[in-house]
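A structural walkthrough
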Amino acid sequence: FSSRRRHTRLQGDWSSDVCSSDLGAFLQFIITKRLEDRRALNLLRDQAYVDYCRSITEYIHLTQNGYNLFEETKFRSNIVETKKRICLYGSNNVIQAYDKFSSIGENLESKEQKESFSELLCQMRLDSASSRNNKIGPEILKRILLGRK
């Protein structure tokens, strides 16, 4: 019976205890670090989405109610800054939806542009950590953010 066992543990063999506890601590560190990095990335991504939506909706409100060149420049620079963060932190689906929206013109004048923008928002919601199980359609988002036009 004892000849089958390849590894025997000797009484007082502290090296096995040290190695297993060091390995456990190391694995715990790696797992915790990875989870923290993922949470940080999710936060950066979600914040980029929120900032982009805020910038676009404020810009729409501004253009509908009159604006000056300074205000327009400020909002356009905010939009550019958030687009960069979306390209860095966004999912493939969001970046593809944004590419479609930007290829038809990033205005919200035509029906196609409004629908494309709504699809982009839906992708952002699906990608967002807080909305993974919420499946709100693009028509609802379009009505909420752009009105009934």
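What counts, and at which threshold
- Numbers given to residues run from 1 along each chain, matching the order in which its sequence is written.
- Predicted model: local features are reported for residues with pLDDT of at least 70 only, side-chain atom pairs are reported and counted for 80 or more only, and whole-chain, interface and lining totals are derived from all residues.
- To get the side-chain values, take all heavy atoms of the structure and skip hydrogens and water.
- Per-residue confidence from the prediction method is given by pLDDT, with values spanning 0 to 100.
- Secondary structure elements are defined from DSSP: runs of H or I of at least 4 residues count as helices, runs of E of at least 2 residues count as strands, and each element is numbered from the N terminus.
- The criterion is simple. A nonpolar core is a set of buried Ala, Val, Leu, Ile, Met, Phe, Trp, Tyr and Cys residues joined through side-chain atoms within 4.5 Å.
- When a residue's accessible area, from a 1.4 Å probe over protein chains only, is under 20% of the maximum for its type it is buried; when over 50% it is exposed; and in between it is partly exposed.
- The contact criterion used throughout is that any non-hydrogen atoms of two residues lie within 4.5 Å.
- Each patch groups residues whose relative accessible area exceeds 30% and which form no salt bridge, using 9 Å between like charges and 5 Å between nonpolar side chains of Val, Leu, Ile, Met, Phe, Trp and Tyr.
- To be clear on the numbers: accessible area is Shrake-Rupley with a 1.4 Å probe, and residue cover counts the displayed protein chains and nothing else.
- Salt bridge, as used here: a side-chain nitrogen of Lys or Arg that lies within 4 Å of a carboxyl oxygen of Asp or Glu.
- Expected span, for any helix, means 1.5 Å times one less than how many residues it has.

A short note on the confidence of the model for the protein
Per-chain confidence: the protein averages 79 in pLDDT, with 80% of residues scoring 70 or above. Confidence, expressed as mean pLDDT per element, reaches its minimum in the protein at helix H5 (residues 138-146) with 74 and its maximum at helix H3 (residues 92-103) with 93.

Considering the nonpolar core
Soluble globular proteins tend to pack their nonpolar side chains together in the buried interior. Tyr52, Ile56, Ile86, Phe101, Phe117, Leu120 and Met124 are the most contacted members of the largest nonpolar core, which totals 22 residues. With 8 residues, the top contributor of residues to this core is helix H1 (residues 14-64). Setting aside anything within four residues of it in sequence, one finds Tyr52 in contact with Ile79, Thr82, Lys83, Ile86, Tyr98, Phe101, Glu106, Phe117, Leu120 and Met124.

Brief notes about a nonpolar patch on the surface
The grouping of Leu23, Phe26, Leu27, Phe29, Ile30, Ile31 and Leu35 at the surface amounts to a nonpolar patch, some 680 Å² of accessible area in total. By the element assignment, Phe26 lies in helix H1.

What to know about helix H4 (residues 111-127)
In this model, H4 (17 residues) spans 24 Å end to end at C-alpha, consistent with the 24 Å of a helix rising 1.5 Å per residue. For H4, the set of buried residues is Gln113, Lys114, Ser116, Phe117, Ser118, Leu120, Leu121, Cys122, Met124 and Asp127.

So, the pattern of salt bridges
The final tally for this structure, using the stated rule, is 8 salt bridges. Here Asp51 and Arg85 are joined by a salt bridge, their closest N and O atoms 2.6 Å apart. Highlighted residues: Asp51 in helix H1 and Arg85 in helix H2 (residues 69-89), separated in sequence by 34 residues. For Glu81, the salt bridge is made with Arg85, and the minimal N-O distance between the two is 2.8 Å. Placement of the pair is Glu81 and Arg85 together in helix H2, with a separation of 4 residues, close to one helical turn. Overall, the relative accessible area of 36% leaves Glu81 in the partly exposed class. Among the charged side chains, a salt-bridge network with shared partners connects Asp51, Arg54, Glu81 and Arg85.

Concerning the environment of Leu145
Assignment of secondary structure puts Leu145 in helix H5. Its relative accessible area of 34% is what places Leu145 among the partly exposed residues. When the C-alpha positions of Leu145 and Thr57 are compared, they lie 7.0 Å apart, and in sequence the two are 88 residues distant. Not counting the four nearest positions on each side in its chain, Leu145 is found in contact with Thr57, Phe117 and Leu121.

Some details on the side chain of Thr82
As for its position among the elements, Thr82 is in helix H2. Using a relative accessible area of 2% as the deciding quantity, one classes Thr82 as buried. If sequence neighbours within four positions are ignored, Thr82 has contacts with Ala48, Asp51, Tyr52 and Ser55.

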